[in-house]
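What follows is each chain in one-letter form.
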Amino acid sequence: MSMLFTGIAELVTCDETVEGAVTDPLHAGLGVIRDAAVVIGGGGEDSAPVIEWVGPADKAPAADWSVSLEGRAVIPGFVDSHSHLVFAGDRSAEFAARMSGTPYDGGGIAVSVEATRAAKDFELRGLIQQRVTEMRSQGTTTVEIKSGYGLTVEDEVRALRLAREVTTETTFLGAHVVPPDRRAEGERAAYLDLVCGEMLQACAPHARWVDVFCEPASPYAFDGDESRRVLEAGRAAGLELRVHGNQLSEGPGVQLAVELGAASVDHCTFLTDADVDALAGSDTVATLLPGVEFSTRQPYPDARRLIEAGVSVAIASDCNPGTCYSSSMPLMVALAVREMGMTPAEALRAATVGGAKALRRDDIGRVQVGQRADLAVVDAPSWLHIPYRVGVPIVRALEI
Ligand code: NIG
Ligand code: FE
């Protein structure tokens, strides 16, 4: 069964080698084909539909059925490579306090831990489902989901098990913070032993990745040595690495991520020149989370500085109850353009093929023959309307 989609005013492929792409600087790197068509067919290994043909509509082959998108633009579905969707409870009052000047220090995570532990499986499953649906309705077709609001062996396993029901990109974040009930004198080391021992062993079968909140500026998070221990234990248990680093201050997160070959170091808000150099000479993606700066009133990271140095950059939502309760990748694209010095084309690449690189995936993030048919439709004649029509819900995942 093959499906032909025509009537695509602009197709963003993110394939720099595609034939007939628009060549002006506004479209640099996007591989945009005007008046395009796409054929989707069959199923790949996991029976997900794949892209079979991409090109100008007047050269499209016949297919079993065909539908016109009536002059809309199509982009690769957003790859949101950083989120924390497994949580219950409400922290909107914390947001209000930050808007009037209270700084973020990670202390509020304890509130979400308590509410998440108290929630029943069906409640958490419902919340995750609601958030993933919300993401798809805004164009996200791949999402990474972390644990980190359980912080007991049982609650972390549960979070990952539930996350696995909706994505293969699951991340063990037992080292999110030292949990509120383990903060007595001398208990910190015992918690770290648990994370690197029994908790990791129980969680590893449900996770692809291990992550750590490396932030010496937060009394609740972990320093460089502690973070190294978590990451090395995770790797020994068969997990791949990602790091929360340099969110609240300059610190060891970026250098550690690069040294250990992490796929991505996320936040990167406070960077030294040495951090930028280390990233530029590495395979580690710098994942920027502009919604966090928006919701915490921190300064935005300078994406231009990273791009000019040759660093691979992704943008993601970090959707979580504390630092950014937005699941909107179109908003992240708009913020990246308006506040972080990215061109619209760079921001769109960072939210699609950049996210794919941050997840070490080469089957998503582009509209290219052989890739998964993860597409998003823009209710506008051009992809540029994504940042241009900020706040207007014009992007959605294409349901096939
Ligand atoms: O990525 N910084 C650590 N973790 C989350 C925030 C967690 C929370 O406050 O609930 C983040 O920003
Ligand atoms: Fe995060």
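Residues numbered from 1 in each chain as written. Chains lettered and ligands numbered in written order. Predicted model: local features only at pLDDT ≥ 70, side-chain atom pairs only at ≥ 80, totals over all residues. Heavy atoms only, no water.

> An account of the packing of aromatic side chains is needed here, citing residue identities and associated values.
In this description, an aromatic ring pair is defined by two values, namely the gap between the centres and the angle between the planes. For the structure shown, the criterion picks out 3 aromatic pairs. On the numbers, 6.1 Å between centres and 65° between planes, the contact of phenylalanine 87 with tyrosine 149 is edge-to-face. Taken together, the residues phenylalanine 87 in the loop between β5 (78-80) and α1 (92-99) and tyrosine 149 in the loop between β7 (145-146) and α4 (153-164) connect sequence positions 62 residues apart. Accessibility expressed as a relative area gives 1% for phenylalanine 87, which makes it buried. Ring plane angle 75° and centroid distance 5.3 Å describe the contact between phenylalanine 87 and tyrosine 325, whose orientation is recorded as edge-to-face. In this pair, phenylalanine 87 sits in the loop between β5 and α1 while tyrosine 325 sits in the loop between β13 (313-315) and α11 (329-339), placing the two residues 238 residues apart along the sequence. Exposure remark for tyrosine 325: the relative accessible area of 49% places this residue in the partly exposed category. (Phe/Tyr/Trp six-rings, centres within 6.5 Å; stacked < 30°, edge-to-face > 60°. Helix = DSSP H or I, 4+ residues; strand = E, 2+ residues; numbered from the N terminus. Buried < 20%, exposed > 50% of the residue type's maximum accessible area, 1.4 Å probe, protein only.)

> I'd like a description of the pairing of strand β8 (residues 170-175), backed by residues and values.
Among the 6 residues of β8, 6 are classified as buried, and the element is accordingly described as predominantly covered. Pairing of β7 with β8, which is carried by 2 bridges, proceeds in the parallel orientation. In the sheet register, lysine 146 faces β8, and the bridge partner there is threonine 171. At this point the chain moves from β7, through α4, to the parallel β8, and the crossover so formed is right-handed. By the bridge criterion, 3 bridges tie β8 to strand β9 (residues 209-214) in an arrangement that is parallel. (Pairing = 2+ DSSP bridges. Right-handed = clockwise from strand over helix to strand, strands pointing away.)

> Residue-level account of the coordination of the iron ion (ligand 2), with values.
Ligation of the iron ion (ligand 2) by protein atoms is provided by His82 (NE2), His84 (NE2), His244 (NE2) and Asp318 (OD), these donors lying 2.0 to 2.4 Å from the ion. Counting along the primary sequence, the residues that act as donors to the iron ion (ligand 2) give the motif H-x1-H-x159-H-x73-D. Taken as a pair, histidine 82 in the loop between β5 and α1 and aspartate 318 in the loop between β13 and α11 lie far apart in primary sequence, 236 residues in all. Here histidine 82 and aspartate 318 have matching classes, each one buried. (Donors = N, O, S within 2.8 Å, 3.2 Å for Na, K, Ca; no water.)

> Any chance you could break down the pattern of salt bridges for me, citing the residues and the numbers?
For the structure shown, the criterion picks out 28 salt bridges. With a closest N to O distance of 3.5 Å, arginine 349 and glutamate 16 form a salt bridge. Here glutamate 16 lies in the loop between β1 (2-12) and β2 (32-41) and arginine 349 lies in helix α12 (residues 344-351), a separation of 333 residues in the sequence. Salt-bridge contacts for glutamate 232 lead to arginine 228; the nearest nitrogen and oxygen are separated by 3.8 Å. Pair noted here: glutamate 232 and arginine 228 are both in helix α6 (residues 224-236), with a separation of 4 residues, about one helical turn. Take glutamate 232: its relative accessible area is 42%, and that puts it in the partly exposed class. (Salt bridge = Lys/Arg side-chain N within 4 Å of Asp/Glu carboxyl O.)

> Break down the packing of helix α5 (residues 187-203) against α6 for me, with residues and values.
The contact between α5 and α6 brings their axes to 10 Å, and the two run at 15°. Here α5 lies roughly parallel to α6, going by the angle between them. In the packing of α5 onto α6, the handedness of the crossing is right-handed. Residues Arg188, Leu192, Asp193, Val195, Cys196 and Leu200 of α5 form the contact with α6, whose own contacting residues are Glu226, Arg229, Val230, Ala233 and Gly234. Class assignment for the residues of the contact of α5 with α6 results in 6 nonpolar, 1 polar and 4 charged. (Axes fitted to C-alpha atoms, helices over the stretch in contact; angles between N-to-C directions. Parallel < 35°, antiparallel > 145°, perpendicular 65-115°, else oblique. Left-handed = near helix turned anticlockwise from the far one by under 90°. Contact = heavy atoms within 4.5 Å. Nonpolar A, V, L, I, M, F, W, Y, C, P; charged D, E, K, R; others polar.)

> Describe the domain arrangement of the chain, listing the residues and the values that go with them.
Domain annotation for the chain reports domain 1 (3-77 + 365-397) and domain 2 (79-358). Each of domain 1 and domain 2 has a C-alpha centre, and the two are 30 Å apart. The partner domain 2 presents 20 residues to the 24 residues of domain 1 that form the contact. Surface buried jointly by domain 1 and domain 2 totals about 1,600 Å² across both partners, of which 71% is contributed by carbon and sulfur atoms. Taken together, domain 1 and domain 2 are joined by 1 salt bridge. For the side of domain 1 that touches domain 2, the elements supplying multiple residues, two or more each, are β4 (65-76), β14 (375-378), α14 (385-388) and β15 (395-397). (Domains from an automatic or database assignment. Buried area = accessible area lost by both parts, 1.4 Å probe.)

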